[in-house]
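Descriptive analysis of the structure
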Amino acid sequence: MCTVCGCGAGETKIEGHEHAHVHADGTVHSHPHGHGDDHHHEHGAAVAAHEHSHHHADGTEHSHPHVHQGEHEHAHHHEHGIGGDLDFGAGPARAHVPGMSQSRMVQIEQDILSKNNAYAAANRKWFDERGIFALNLVSSPGSGKTTLLCRTIELLKDKVGIVVVEGDQQTANDAERIRATGVPALQINTGKGCHLDGHMVGHAIERLQPADESLFLIENVGNLVCPAAFDLGEHHKVAILSVTEGEDKPLKYPDMFRAADVMLLNKCDLLPYLEFDADLAEANARRVNPDLTVLRVSATTGEGMAAWTDWIESGLEAQRGKHGATVDALKARIAELERQLAAR
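Here the structure is a predicted model, which is why all the values come from computation and not from measurement. (Residues numbered from 1 in each chain as written. Predicted model: local features only at pLDDT ≥ 70, side-chain atom pairs only at ≥ 80, totals over all residues. Heavy atoms only, no water.)

What the rule picks out here adds up to 13 salt bridges. Close ionic contact of Asp-231 with Arg-124 constitutes a salt bridge, the shortest N to O distance being 2.7 Å. Taken together, the positions of Asp-231 in the loop between β9 (215-219) and β10 (236-242) and Arg-124 in helix α2 (residues 102-129) put the pair 107 residues apart, joining distant regions of the chain. Judged by its relative accessible area of 19%, Asp-231 falls in the buried class. On the accessibility criterion, Arg-124 (23% relative accessible area) is partly exposed. Linking Lys-125 and Glu-129 is a salt bridge whose minimum nitrogen-to-oxygen distance equals 2.5 Å. Of this pair, Lys-125 and Glu-129 are both found in helix α2, four residues apart, which corresponds to roughly one turn of the helix. (Salt bridge = Lys/Arg side-chain N within 4 Å of Asp/Glu carboxyl O. Helix = DSSP H or I, 4+ residues; strand = E, 2+ residues; numbered from the N terminus. Buried < 20%, exposed > 50% of the residue type's maximum accessible area, 1.4 Å probe, protein only.)

This part covers helix α5 (residues 198-208). Taking burial as the measure, the 11 residues of α5 include nine buried ones, the bulk of the element. Inspection of α5 places Gly-198, His-199, Met-200, Val-201, Gly-202, His-203, Ala-204, Ile-205 and Leu-208 among the buried residues, and these make up the whole buried set. Residue Asp-197 occupies the N-cap position of α5, its side-chain oxygen lying 3.0 Å from the main-chain nitrogen of His-199. The positive-phi residue at the C-terminal boundary of α5 is Gln-209, with phi of around 45 degrees. (Polar contact = N/O pair within 3.5 Å; in protein donor to acceptor, adjacent residues only side chain to side chain.)

By the secondary structure assignment, Glu-245 is in the loop between β10 and α6 (249-252). On the basis of relative accessibility, which here comes to 15%, the residue Glu-245 falls in the buried class. A distance of 2.9 Å separates the side chain of Glu-245 from the backbone nitrogen of Ser-242, its partner in a polar contact. Dropping the residues within four chain positions of it, Glu-245 is found in contact with Ser-140, Ser-143, Ile-240 and Phe-276. (Contact = heavy atoms within 4.5 Å.)

Before going further, it helps to examine the confidence of the model for the protein. Parts of the model with low pLDDT should not have their predicted coordinates read in detail. Per-residue confidence for the protein averages 82 on the pLDDT scale, and 73% of its residues sit at or above 70. Every residue in residues 31-50 scores below 50 in pLDDT, and together they form 35 contacts with partners more than four places removed in sequence or on other chains. Here residues 66-73 scores under 50 on pLDDT; set against residues more than four positions off or in separate chains, the count is 10 contacts. (pLDDT = per-residue confidence, 0-100.)

Turning our eyes to something else, we now look at the pairing of strand β7 (residues 162-168). Extensive coverage of β7 is indicated by the burial of seven of its seven residues. By the bridge criterion, five bridges tie β7 to β9 in an arrangement that is parallel. Across the sheet, residue Glu-166 finds its bridge partner in β9, namely Glu-219. In this sheet, strand β8 (residues 185-189) lies alongside β7 in parallel orientation, the contact comprising five bridges. (Pairing = 2+ DSSP bridges.)

Turning our attention to the environment of Lys-159. Mapped onto the elements of the fold, Lys-159 is located in the loop between α3 (145-156) and β7. Here Lys-159 falls in the exposed class, since its relative accessible area comes to 55%. Ignoring anything within four residues of it in the chain, the contact list for Lys-159 reads Glu-313 and Arg-320.

See below:
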């Protein structure tokens, strides 16, 4: 998992930023302004000695300590049968990194996600104080996220202010497609990184300055694994599954569909030409997440898009209600303070 393997270190680039900082959690941000005491990141020392566990097809497991100093070899004197699968996600960390113990991996992941969650909570607080509705669109590459996003923008841009954050490893192609719709978009290139994080999105908020009671859309890097673990401060994750993929995707990548509140089954206009069981795909998704809202859509023909935009507008209305209540409470507090001052 990227929380322990360090993918993307020194790679992330946000449009228009020039001064780069690399952090222990693998994120990098660049900006032309200085930081005070806002960012403090601990850099842990490398672990030289550790225990290495081996799982065998017959169900046995053994561990032994060893030290890495450059390249190394493992000599195994066991009879391995051909039958049986290898499961490197069965330990507490649910992942495997050569040369690192499960307990160390768990600790690193907890540290990284804790830092990320603090950034995400600050983002969400900022959104809530301004009545902004934020969505994080996640999927595998080629699901039609950007086309769906463009169609959504075309349907809503006359009703609500919209800004978009685009996440990709390289190029600004998708941000340019979004800008062509007439709304502001900021590209974040993650290099080798496989997801956006709360820190990156915080900088995007600073750059984009979304209006109060607007819609903030995030198109994450195409990946059904790591974006599931990283809260960006959004109000909902929206998983997009296209009918050109497999019905078993929710079972293969359960963390993503468990983390999502909505699944859009996209490219439904192609169903007559494919051997894809939409009912089975939906059933598999609900096996993972019984509370999942599932909408069948086609960004090309517009099928189901009204239900999708209605869902968004309901979320916007709820955020506006919270914002109105916050503003009313603030006005009441100001009026009370003014009354107290007048009484003096």
